[in-house]
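# Summary of structural features
Each chain, written out:
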Amino acid sequence: MNVNQHTPMAPPYGQPQPSYGQPGYGQPTYAPLDSGYPAPYAPHNGPASAYHPGIPPQAPPPSSQPPTSHYSAQPQPSYSQSHPPASSAPSQLPPSSAPAGSQQYYPSSAPPSQQPISSLPPTSQQRFVSPGQPQHTFPPSSTSYAGPAPPPTQPASTPVTQTQPPFHPHQPPFSSAPGGQPPAFTTGPPPPAQGSFPPQAPPPSSQPGSFPPPSSVSSGQYPSSMPPPQQPPQSQPPTYHPGPPPPQAQMPPTSIGQSNHQPPGPQGPPSPTGPLQQPPLQQGMQTGAFGQPRSPQPGYGGPYQGQPNYGAPAPTPQAQKRLDPDAIPSPQASDMPPVQKSRHRIDPDAIPSPIQVIEDDKAKTTEPFTTGVRGQAPPLVTTNFQVKDQGNASPRFVRCTAYNMPCTADMAKQSQVPLAAVIKPLAILPPDETPPYLVDHGEGGPIRCNRCKAYMCPYMQFIEGGRRFQCSFCSCVTEVPPHYFQHLDHTGRRVDCYDRPELSLGSYEFLATVDYCKNNKIPQPPAYIFLIDVSYNAVKSGLVSIICQELKSLLDHLPRENPEMDSVIRVGFVTYNKVLHFYNVKSSLAQPQMLVVSDVSDMFVPLLDGFLVNVNDSRQVIESLLDQIPEMFADTRETETVFGPVIQAGLEALKAADCAGKLFVFHTSLPIAEAPGKLKNREDKKLIGTDKEKSLFQPQAGFYNNLAKECVTQGCCVDLFLFPNQYVDVATLGVVPVSTGGSVYKYTYFQAESDQERFLNDLRRDVQKPVGFDAVMRVRTSTGIRATDFFGSFFMNNTTDVELAGLDCDKAITVEFKHDDKLSEETGALMQCAVLYTSCSGQRRLRIHNMAVNCCSQLADLYRNCETDTIINFLSKYAFRGVLNNPTKAVRDTLVNQCAQILACYRKNCASPSSAGQLILPECMKLLPVYLNCVLKSDVLLPGADVSLDDRAYLRQLISCMDVAETHVFFYPRLLPLVKLESGALPVAVRDSEERLSKGGVYLLETGLHLFLWVGASVQQELLLNIFGTPSFGQIDSSMTSLPVLENPISQRLREIIDSFRAQRSRYMKLILVKQEDRAELMFKHFLVEDKSASGGASYVDFLCHMHKEIRQLLS
Ligand SMILES: [Zn+2]
C-alpha cells in the first residue's frame, strides 16, 4: 500500500485536466476564506506540529487518554488537533454581463412590504442591551469559572470584587428536575436551592426538566416582562474557590473554561460565608461585570499575540440599563436565608468558544496539509491552508467525522459517534492546488479489481513481480493487463508509481470507455433549456425582462472544458403560464417562431429541429427572441401556471435530442391550473408541532416523484428559481430538483430593485458552474464497513448507486458507514468513491477519490480524532431528513440524546476520574454542544412564528447538499467586528451573542445565505463617515443593499471583505443593513445563535447545562 508515501508533488503526469478549477472565462473559481488567496505559508520547517509527526504512518495512535476539555484543575495535555480545511466553494462570477437594470423593470406598483427573509418571529420581548465586554475569554485553567478575572481596571466604586462570579445574562430556558446537579463547570457541591438546575433558579412557570422550554415559559423569562427584583447580595459558596486563583500561565490552551476543581466531597450546601460576596445585582448591572470591561488577565495575553479578546469588542460605556434575567428570583431561593441565595452563574467566557477553537486551528496551521498519513484529520474548514495530495483525497473532496474508526460495531454503538464522510466530488480547488489528473488507459479502460470492481488506486498491492495485484478492498487477486505491467522495486512498489496518478494520488480521473456509456454509446453534448414563467406576476415584477436581458450575455458563458473554445452545450427556450410556448430558433430563420402547446395533459415537444441550437450559430435569432418575449407578454392577464408539464417538456426535449442536460425553470406561483402535477394550497400552520407536521415536508402529489425518476433516467437535472409572493409548496416543487442533483433558489417577494442583484449573481453562477451529467456515484469500502446511507440531492434505485442527473461543483453527498465485520488497526479502513459522469463537453469520465482512515480498539483513540464540524453536517442532514417521517420534537430529542450518549461514553471510558459534577468534553468535540444547539434551534426544527412552511422546506432541501464549510457557517454564523479595517488581515470574529456587540461598533454577520451589516446606535461619527459618508446614525438609509463607494481605506477594505465573503459562498448574499433597534434587528438577532432564540431555543449556556444533565443521567 502506498498510502503513506510522501510523494514529492512534482507533477510527472503531464498537465492536469483543464476542466474544473480553472478560472478560464469568468467561471466561478475557488475563493479563499479570507480575502486574498493564498495565504502565505510559513517556510517549511519539518512536519507541522499540528500533524502528529510522531505517528507512524500506518500505526494507530497510542491509546492513551484523548484530549479532553474539562473543568478540572488538572491541566490536560494539550493535543494538537487536526482539523478540517477550508471550503472549496467557488467564487461568484465576475460581472461578466451587464445587469439588466433598466427602468422598465421596475413596475410602479408598490412593492410588497414584507422582507424577503421572513424567518423571524415578528415580535420579541428581547431588547438590545449593550453589553460590557469581558476582555478575556478564558479563565486560567485552574480558576473557578466563578472567579476568573481580577478586574484590575474597574473603578474603585465597583462592587465587583475579584472573586465575584461574572454574571451571565441568560435565564435558563429550562429547569432541571429536582436533584439536578450543578453544571459541570460548577464542580463541587450542588446548588443549595433544592437541586434546581441549572443553578439559576427557574422562573416559577417553568417545568422541571422541561426542555426545550415552552415558549410561554421563555417569554415569561424575558427581562422586560419581569420586574427586576433586587436580589439581596449573593454569595458564592466558598467551596468554589478553594484558593487564590492559580497563575494564569498554567492554563493549557486546550482547556476551555474551568471550574475551580473541587474534589468530590461533601455535597452540602455552600457555606454562606466566605470571601465571595456577590454585590446586589442591580449594582452589578450598572457598574460591574456587564458595564465594565474586564482587563485581560495578568500573565495571560491570549493564545495569540495581539488577539487576546475573542469575542470581546471594544468596551463601551454602559448607556442602557441592563435588565438581567438573572434578577428573577426563584421560588426555592426565596425560601432560603438571603446569604444562601446563591446562583451559579456560568461565565460565557468560561465555556468552549467556537472562536477560540477556530483561531487556535488557524494559528497552528502553518504548513500545507499533506494527505499521505493515514488517519490524520485536516485543519478546520475555517482555516486557510494548502493541500498536497499524497495518496488520500484532499479534505476539499472528502471529510470524515472520525479519522480513527472503531474496530468493532460494538464500540461504534457504544460511542454513538456517527461514522460518515462528506464527499464533494467535483469541488473546485484553489489555484495553487492541482486539479485531478485525467488518466487514459486506452481501449481497455480503467484497471479494476475483478471481484469488487474497485478502481486502481494507491492501496492496491502489486505481487508476483508486478504481474498481479491484490485488492485492498476485497483481497481478490487480479491479473495486471500486459499493457499495464511494470516492474517492482525492492520495496515491492511499482517503479512507475510516481508517474501514475492512480498509483500515488488520492484523487484523479479516468477517461471512461464506451462500456461506461448509456446504451454503449458515446454521449451527445448536454443541452440547457430555459423555461420562463410569463404569467402576470412574473411579468409585472419585471422578472421576465430581467431574465431575458441577462440571458443574452450569459449564453456566452456556458461551461466548457477549454476556455479557448466555444461551449458545445446547446440551448433551448420555453415560456409558459397555463400553456407552453416553444420556440424555434434555428439559425436559418430570420425571426424566431413560437409554437403553442395548450393541451398540457400529455406533454410533447412540437418541434425537433430548431429547438436546441448552438448559441453562436443562432445568435441573431436568440437575441431577437429574448428581446421579444417581454413585449409579447407585457399585457398578459393570465395568473395561473402549470409546473409538472414544464418539466415534462424539458425532459421530452432532452429525450428527443438523446442527450443529458439541465433545465432552468423560473417559476412564480403555486401551479393550480388544470394539469398533471396540479397542486392545492395546503399550508396549515395549525399542524406545526403536531404529529402531522411531517406531512408538510412531504410532497403532496406522487406525480413529482415519478417525474423525478424519469428525469434521472434521462440525465435531466432541474434547477428551480422560485419567486413566490405566497405559499408555493416548496416541499413538492422541490422534489424534482432535489432528486436530480439540481438546486432550488427562492426569492420571496421578489422586487427587481432590491433583489435582482442577488438573483442575477445566482443565475450567472448557476449557469456557468462546472457540472457533470448523468452521474452515478458508488462508494466502495474495505472489508468490515460499508456505506449504508446517503444524504444529498440525488436519486437511488438500489442501495448502492447514487444517481445524479446532474452533479455540480457545489454539491456534497454525506455518506454514513456501518460495520459489517471487524476492522483491523493494521490495515485501517479504506473507502473509494467513484463518480461516473459526462463532462460538459460530452466526455464520459470517472472521478475517483480514495480515503484511508485509521481504526482503533480503544475508545479514547476515536475521541482523539473526530471532526465536530463534519459530525454536525451529518447530524443536521440526518435530522432534517428525519422530519419527513417524525414529529420535529422527536427529532430534536433524538439529536440531544445521541450527543449526550457520545459525550457520556467519553466521560465514562476515556476521561480521568473526577467529580461527577464536572462536565468533561473531548477536546475535539468540545464544540459539539454549542453547534448541536444551533441545529436544534434552526428554522427547520424549531421555527419561529414568522417562518413559513416554504422557508422550512427550502432550508431542509438546501442543507441536504451542503458541504462542511457551508453547514458550519450556516449553523454558527461568522460575526466580524469591523475594527482595524485598514490592515490586511480580517478582524478576529466574535461569538454569536448580543453580549458581544458594542453599540459603538459596526459588525458584519454572514451565514452563507445572509449577510448583515449591523450598526450600533452610538457608533463613532468617524466610522459612519468612512463607511456611509454621513455623520449621523439617523441618516443611514437602512434599505441600502450596497455600500457607497468612498475613497477611504475603511470603506475600501469593508467592501473588499464583503466581496470576499460573497466569493466564498455558492449563493450570493444580499447585504442587509441593520441599525440597532430597527425592526430588521429581530431578523439579525435570529442569527446570534449563542443567545436564547425568540422561538424558544435555548441559549448556549443553558443548553450546555442541559446537556450536562443528560450526560449525568446516562452515567448514573
Ligand atoms: Zn476488490
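Structure: see above.
Notes on the structure in this doc start here. All of these numbers come straight from a predicted model, not from anything done at the bench.

## As for the coordination of the zinc ion
- Bound to the zinc ion are the protein donor atoms Cys449 (SG), Cys452 (SG), Cys471 (SG) and Cys474 (SG), situated 2.2 to 2.3 Å from the metal.
- Taken together, the 4 donor atoms coordinating the zinc ion span angles of 99 to 115° at the metal, a pattern that classifies the geometry as tetrahedral.
- When the donors of the zinc ion are listed by position in the chain, the intervening gaps give C-x2-C-x18-C-x2-C. Remark: Cys471 occurs in the loop between strand S9 (468–470) and strand S10 (477–479) and Cys452 occurs in the loop between strand S7 (438–439) and strand S8 (461–463); sequence separation between them is 19 residues.
- Assessed through its relative accessible area of 3%, Cys471 is described here as buried.

## Some words on the packing of aromatic side chains
- A full pass over the atoms with the stated rule returns 33 aromatic pairs.
- Between the aromatic rings of Phe369 and Phe385, the centroid separation amounts to 6.3 Å while the plane-to-plane angle is 90°, which identifies the pairing as edge-to-face. One end of the pair, Phe369, is in strand S2 (residues 369–370); the other, Phe385, is in the loop between S2 and strand S3 (387–388), and 16 residues separate them in sequence. This pair shows no difference in class: Phe369 is buried, exactly as Phe385 is.
- Summarising the aromatic geometry, the rings of Trp1014 and Phe1084 are spaced 6.2 Å apart at their centres and angled 15° between planes, so their arrangement reads as stacked. Of this pair, Trp1014 sits in strand S29 (residues 1011–1015) while Phe1084 is found in helix H23 (residues 1081–1085), placing the two residues 70 residues apart along the sequence. No difference in accessibility class separates Trp1014 from Phe1084, as the two residues are buried.
- In textbook terms, an aromatic cluster arises when at least three aromatic residues are bridged by ring pairs, as seen for Phe666, Phe721, Phe723, Tyr745, Tyr747, Phe750 and Phe759.
- When the ring centre of Phe462 is taken as reference, the NZ or CZ atom of Arg494 above it lies at 4.9 Å.

## Considerations on the state of the cysteines
- Tallied over the entire structure, the rule returns 0 disulfides.
- Lacking any disulfide linkage, Cys716 is separated from the closest cysteine sulfur, that of Cys711, by 4.1 Å.
- Of the cysteine sulfurs around Cys717, a residue in no disulfide, the closest is that of Cys716, at 7.5 Å.

## Description of the pairing of strand S30 (residues 1071–1075)
- Of all 5 residues making up S30, 5 are buried, and the element is well covered by its neighbours.
- Neither face of S30 is open: one carries Leu1071, Leu1073 and Lys1075, the other Ile1072 and Val1074, and all of them are buried.

## What about the sheet that holds strand S15 (residues 593–597)?
- Strand order in the open sheet formed by 7 strands is S15-S14-S13-S12-S16-S17-S18, and the pairing between neighbours is mixed. With partners counted over all chains shown, the strands left at the sheet margins are S15 and strand S18 (744–746), one partner each. Taking each pair of neighbouring strands and ignoring which way they run, the sheet shows an average axis angle of 20°.
- Where strand S17 (residues 716–722) lies against S18, 3 bridges are found, and the strand directions are parallel. Across the sheet, the residue bridging to Leu722 is Lys746, located in S18.
- Sitting on the sheet, helix H14 (residues 752–768) is in contact with strand S12 (527–533), strand S16 (661–667), S17 and S18, with an inclination near 165° to S16.

Scoring rules and cut-offs
- Residues numbered from 1 in each chain as written.
- Predicted model: local features only at pLDDT ≥ 70, side-chain atom pairs only at ≥ 80, totals over all residues.
- Heavy atoms only, no water.
- Donors = N, O, S within 2.8 Å, 3.2 Å for Na, K, Ca; no water.
- Tetrahedral: all angles 85-135°; square planar, octahedral: opposite > 155°, others 65-115°.
- Helix = DSSP H or I, 4+ residues; strand = E, 2+ residues; numbered from the N terminus.
- Buried < 20%, exposed > 50% of the residue type's maximum accessible area, 1.4 Å probe, protein only.
- Phe/Tyr/Trp six-rings, centres within 6.5 Å; stacked < 30°, edge-to-face > 60°.
- Lys NZ or Arg CZ within 6 Å of the ring centre and 35° of its normal.
- Disulfide = S-S within 2.5 Å.
- Pairing = 2+ DSSP bridges.
- Axes fitted to C-alpha atoms, helices over the stretch in contact; angles between N-to-C directions.
- Contact = heavy atoms within 4.5 Å.

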